[in-house]
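# Architecture at a glance
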Amino acid sequence: MTATIFDLHASVLADYRDFVQSFLQIADDRARAFVDQAFDDQALWPQPLVQLSPAYALDDTVDDLARAGAIHQLAAALFRTAQGDPFR
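These numbers come from a predicted model, not from an experiment.

## Side note on the confidence of the model for the protein chain
Taken over all residues, the pLDDT of the protein chain has a mean of 87, while the share at 70 or more is 99%. Mean pLDDT across the secondary structure elements of the protein chain bottoms out at helix H1 (residues 5-21), with 85, and peaks at helix H3 (residues 62-67), with 96.

The following block contains the structure:
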């Protein structure tokens, strides 16, 4: 399974939740339930913001970089589009 940016976001939030909860010791059951619900609803942090980068001038492909010795040949083989084209 390939991890996505959304998987990373969920993982970071889970780690942050664990970190924050490690400082909380709420004795009152109702208050603890309220705080737990806020964690479950992810009400304590904003939703992820995903933006596209502006267009940049195209440069060498990973194949060009591998031929020039700037990166390993295996890296050039791995960094490809879904269609198999080399990334720039």
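## So, the packing of aromatic side chains
Counted by the stated rule, this structure contains two aromatic pairs. Centre to centre, the rings of Tyr16 and Phe19 are 6.3 Å apart; their planes meet at 35°, and the pair counts as tilted. Of this pair, Tyr16 and Phe19 both sit in helix H1, three residues apart, roughly one helical turn. Its relative accessible area of 42% is what places Tyr16 among the partly exposed residues. According to the relative accessible area criterion, Phe19 is partly exposed, its value standing at 48%. Ring centres of Phe19 and Phe23 lie 5.1 Å apart, and the angle between their planes is 80°; this geometry places the pair in the edge-to-face category. Overall, the relative accessible area of 60% leaves Phe23 in the exposed class. Chaining the aromatic ring pairs together yields one cluster made of Tyr16, Phe19 and Phe23.

The rules we used
Throughout this document, residue positions are counted from 1 along each chain, in the order its sequence is written. The predicted origin of the model limits local features to residues at a pLDDT of at least 70 and limits the giving and counting of side-chain atom pairs to 80 or more, whereas totals for whole chains, interfaces and linings rest on all residues. Only hydrogens and water are set aside; all other atoms, that is, all heavy atoms of the structure, feed into the side-chain values. In predicted models, pLDDT denotes the confidence assigned by the predictor to each residue on a 0 to 100 scale. Each helix is a run of DSSP H or I of at least 4 residues and each strand a run of E of at least 2, with the numbering of both proceeding from the N terminus. Between the rings of Phe, Tyr and Trp (Trp by its six-membered ring), a pair exists once the centres lie within 6.5 Å; its type follows the angle of the planes, with under 30 degrees stacked, over 60 edge-to-face, and the other angles tilted. Each residue's exposure class comes from its accessible area (1.4 Å probe, protein chains only) as a fraction of the maximum for that residue type: buried when under 20%, exposed when over 50%, partly exposed otherwise.

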